[in-house]
Amino acid sequence: MSDRRALITGITGQDGSYLAELLLDEGYQVFGMVRRASTESSERIAHLAGRVTLLQADLLDQFSLVGALEEARPTEVYNLAAQSFVPTSWRQPVLTAEFSGVGVTRMLEAIRMVDPSVRFYQASSSEMFGKVPEAPQNELTPFYPRSPYGVAKAYGHFITVNYRESYDLFAVSGILFNHESPRRGLEFVTRKITDGAARIKLGLADELRLGNLDAKRDWGFAGDYVRAMLMMLRHHEPTDYVVASGEEHSVRDLVELAFEHVGLDPERHVRVDPAFVRPTESDRLVGDASKARRELGWEPRVSFREMVEMMVDADLARLGERHDVTV
Ligand code: NAP
Ligand code: G4F
């Protein structure tokens with residue numbers, strides 16, 4: 001049996017599912033923290049049933065975290081659980097702060113109590129940069145978050161840095177820029193667009209309503225980004241890293257690429273709906289991952305175009321028809 005044992009919070013999420021696959025491939029014993037729900041939420045990890053051990057706990061409940069650590073006895077903890085959808089953070093700002101901010105402190109306290117030798121990964125976010133003074137952003141760019149989610153993540157980021165410095169924990173933050181996949185939630189813009197393009201192509205819908213088409217993001221493939229998490233915990237020194245592709249694209253670019261892939265004209269189907277425009281926006285997020293490339297040897301493998309096409313094809317397949325798309 002492997003002496004590498006990992007506990008993943010948020011294992012039922014997009015990143016949790018890819019990270020669990022990667023760690024199993026690397027020979028880890030994988031434990032996943034799940035919160036109680038009245039319906040099953042483990043669709044993304046159904047194919048890993050029997051290979052991962054699920055433990056019930058919640059970032060809102062300190063004792064449950066201690067219990068999960070005592071049961072799993074991990075050598076590494078990946079804290080991916082969060083309220084991760086930015087618009088929801090304006091509707092539920094306090095809950096977002098509890099999950100995505102203070103929840104990090106609860107986990108760090110549980111680690112101090114149960115086993116301070118655990119290596120800890122915190123899922124920080126480019127959303128912390130918000131209103132940016134420079135582009136691209138790196139580890140030294142100041143934070144000016146533009147959403148309650150970004151503010152909560154900035155707290156989670158700095159408490160991780162502080163516990164590393166206060167208690168000498170091996171605690172690191174990955175400042176990850178947007179990363180996507182066919183497992184992305186349907187409410188995020190990439191998936192909303194690829195699902196929308198596929199639906200329109202299949203005659204299941206005629207229109208796609210979006211918010212700000214001018215926002216720019218640095219989009220990568222989730223499978224590439226979870227590799228960086230593992231590399232950070234294997235590195236000899238605990239320090240924080242930006243993980244990004246370094247390429248920026250607007251939401252409009254993404255729409256054009258997805259619709260082009262299915263041979264449709266977006267002008268005929270895409271409408272701007274103010275309901276999806278945010279009170280404040282992070283207009284331009286693009287990352288400089290040269291530290292991760294230099295110190296960890298991390299490189300993304302899937303391009304923006306490949307990722308968008310992969311997502312459109314997966315949505316076409318899921319929606320019931322395989323299209324041999326030629327444009
Ligand atoms: P996701 O798909 O939304 O998954 C979030 C996970 O957190 C789910 O497993 C969810 O469980 C769990 N969770 C939420 N609240 C919880 C609680 N109170 N207790 C226990 N579990 C809870 O998010 P993701 O895209 O995989 O992102 C993973 C992490 O990276 C998040 O922290 C996110 O904020 C951060 N991040 C993501 C990106 C990105 O572009 N994807 C970029 C930077 C940072 P349920 O299944 O029960 O809802
Ligand atoms: O896909 P999004 O909702 O992602 P956002 O807000 O950048 O957050 C994601 O990435 C963060 C990393 O920077 C993570 F920390 C976070 O957990 C999450 O994974 O929106 C991307 C952009 C925004 O500028 C938004 O205003 O797309 C714009 N957008 C335009 N129309 C839309 C829509 N976003 C959504 N969700 N829905 C729309 O209809």
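Residues numbered from 1 in each chain as written. Chains lettered and ligands numbered in written order. Predicted model: local features only at pLDDT ≥ 70, side-chain atom pairs only at ≥ 80, totals over all residues. Heavy atoms only, no water.

### Observations regarding the nonpolar core
Line of reasoning, step 1. In this structure, Tyr78 and Tyr121 are the most contacted members of the largest nonpolar core, which totals 70 residues.
Line of reasoning, step 2. Broken down by element, the residue count for this core peaks at eight residues, all from helix α7 (residues 222-234).
Line of reasoning, step 3. For this core, the two domains that each supply at least three residues are domain 1 (5-179 + 219-243) and domain 2 (186-217 + 247-281 + 303-323).
Line of reasoning, step 4. Leave out the neighbours within four places in its chain, and Tyr121 touches Val77, Tyr78, Asn79, Leu80, Val172, Gly174, Leu176, Met229, Met232 and Leu233.
Line of reasoning, step 5. Residues Leu7, Phe31, Val77 and Ile111 belong to the second largest nonpolar core, which totals 25 residues. (Core = buried A, V, L, I, M, F, W, Y, C linked by side-chain atoms within 4.5 Å. Buried < 20%, exposed > 50% of the residue type's maximum accessible area, 1.4 Å probe, protein only. Helix = DSSP H or I, 4+ residues; strand = E, 2+ residues; numbered from the N terminus. Domains from an automatic or database assignment. Contact = heavy atoms within 4.5 Å.)

### Things to note about the layout of surface pockets
Line of reasoning, step 1. There is about 270 Å³ of room inside the second largest pocket.
Line of reasoning, step 2. Surrounding the second largest pocket, Thr12, Ser41, Glu43, Arg44, His47, Pro182, Arg183, Arg184, Gly185, Leu186, Arg191 and Arg318 form its lining.
Line of reasoning, step 3. For the lining of the second largest pocket, the residue count by class is two nonpolar, four polar and six charged.
Line of reasoning, step 4. Three or more residues apiece are contributed to the lining of the second largest pocket by two domains, here domain 1 (5-179 + 219-243) and domain 2 (186-217 + 247-281 + 303-323). (1 Å grid on protein atoms, 1.4 Å probe; cavity = no way out; pocket = protein on both sides within 12 Å on 5 of 7 lines; lining within 4 Å. Points joined across faces, edges and corners; volume = space filled by probe spheres on them. Nonpolar A, V, L, I, M, F, W, Y, C, P; charged D, E, K, R; others polar.)

### Notes on the site of ligand 2
Line of reasoning, step 1. Close to ligand 2 lie 22 residues, the nearest being Ser125, Ser126, Tyr149, Arg278 and Glu281.
Line of reasoning, step 2. The side chain of Ser126 places a nitrogen or oxygen atom 2.5 Å from an oxygen atom of ligand 2.
Line of reasoning, step 3. Separating an oxygen atom of ligand 2 from a side-chain N or O atom of Asn178 is a distance of 2.9 Å.
Line of reasoning, step 4. In the complex, the protein chains occlude 95% of the 720 Å² of accessible area that ligand 2 would expose alone.
Line of reasoning, step 5. Split by residue class, the shell around ligand 2 holds nine nonpolar, six polar and seven charged.
Line of reasoning, step 6. Composition of the shell around ligand 2 by domain shows at least three residues from each of domain 1 (5-179 + 219-243) and domain 2 (186-217 + 247-281 + 303-323). (Near = heavy atom within 4 Å. Polar contact = N/O pair within 3.5 Å; in protein donor to acceptor, adjacent residues only side chain to side chain. Areas by Shrake-Rupley, 256 points an atom, 1.4 Å probe, with all protein chains shown as cover.)

### Digging into the domain arrangement of the protein chain
Line of reasoning, step 1. You can read the domains of the protein chain as domain 1 (5-179 + 219-243) and domain 2 (186-217 + 247-281 + 303-323).
Line of reasoning, step 2. For domain 1 versus domain 2, the distance between C-alpha centres works out to 28 Å.
Line of reasoning, step 3. At the interface, eleven residues of domain 1 touch 17 residues of domain 2.
Line of reasoning, step 4. Here domain 1 and domain 2 share an interface that buries about 1300 Å² over both sides, 67% of which is from carbon and sulfur atoms. (Buried area = accessible area lost by both parts, 1.4 Å probe.)

### Quick notes on empty space enclosed by the protein
Line of reasoning, step 1. In total, this model carries one cavity of 30 Å³ or more according to the counting rule given.
Line of reasoning, step 2. Quantified by volume, the largest cavity comes out at close to 30 Å³.
Line of reasoning, step 3. Of the residues assigned to the lining of the largest cavity, the class counts are four nonpolar, no polar and two charged.

### A short note on helix α1 (residues 14-25)
Line of reasoning, step 1. The first and last C-alpha atoms of α1 sit 17 Å apart over twelve residues, in line with the 16 Å expected at 1.5 Å per residue.
Line of reasoning, step 2. Burial analysis of α1 places ten of its twelve residues in the buried class, the great majority of the element.
Line of reasoning, step 3. By the burial criterion, the buried members of α1 are Gln14, Asp15, Gly16, Ser17, Tyr18, Leu19, Ala20, Leu22, Leu23 and Leu24.
Line of reasoning, step 4. In the segment just after α1, Gly27 is the residue with positive phi, at about 90°. (Expected span 1.5 Å × (residues − 1).)

### Brief notes about the packing of helix α6 (residues 189-201) against helix α10 (residues 304-318)
In a pair of packed helices, the angle between the axes and the distance between the axes together describe the arrangement.
Line of reasoning, step 1. As a packed pair, α6 and α10 sit with axes 8 Å apart at the nearest point and diverge in direction by 50°. The pairing of α6 with α10 is recorded here as oblique in orientation. Classified by chirality, the crossing of α10 by α6 is right-handed. Between α6, through Thr190, Arg191, Thr194, Asp195, Ala198, Arg199 and Lys201, and α10, the contact on the second element is made entirely by Val308, Met311, Val312, Asp315, Leu316 and Arg318.
Line of reasoning, step 2. Partitioning the contact of α6 with α10 into residue classes produces five nonpolar, two polar and six charged. (Axes fitted to C-alpha atoms, helices over the stretch in contact; angles between N-to-C directions. Parallel < 35°, antiparallel > 145°, perpendicular 65-115°, else oblique. Left-handed = near helix turned anticlockwise from the far one by under 90°.)

### Observations concerning a negative patch on the surface
Line of reasoning, step 1. The grouping of Asp253, Glu256, Asp265 and Glu267 at the surface amounts to a negative patch.
Line of reasoning, step 2. With respect to the secondary-structure elements, Asp265 resides in the loop between α8 (251-261) and β13 (270-272). (Patch = residues over 30% accessible without salt bridge, like charges linked within 9 Å, V, L, I, M, F, W, Y side chains within 5 Å. Salt bridge = Lys/Arg side-chain N within 4 Å of Asp/Glu carboxyl O. Lys, Arg positive; Asp, Glu negative; His and termini not counted. Charge placed at Lys NZ, Arg CZ, Asp CG, Glu CD.)

### A closer look at the pattern of salt bridges
Line of reasoning, step 1. Summed over all chains, the structure comprises 20 salt bridges.
Line of reasoning, step 2. In this structure, Asp240 and Arg164 form a salt bridge, with 2.9 Å as the shortest nitrogen-oxygen distance. Placement of the pair is Asp240 in the loop between α7 and β11 (241-243) and Arg164 in helix α5 (residues 148-167), with a sequence separation of 76 residues. Note on accessibility: Asp240 and Arg164 belong to one class, buried.
Line of reasoning, step 3. Across the pair Asp195 and Arg199 runs a salt bridge, and its minimum N-O distance is 2.9 Å. Separated by four residues within a single helix, Asp195 and Arg199 lie in helix α6, roughly one turn from each other.
Line of reasoning, step 4. Note on Arg199: relative accessible area 28%, which makes it partly exposed.
Line of reasoning, step 5. When salt bridges that share partners are traced, they join Arg191, Asp195, Arg199, Asp315 and Arg318 into one network.

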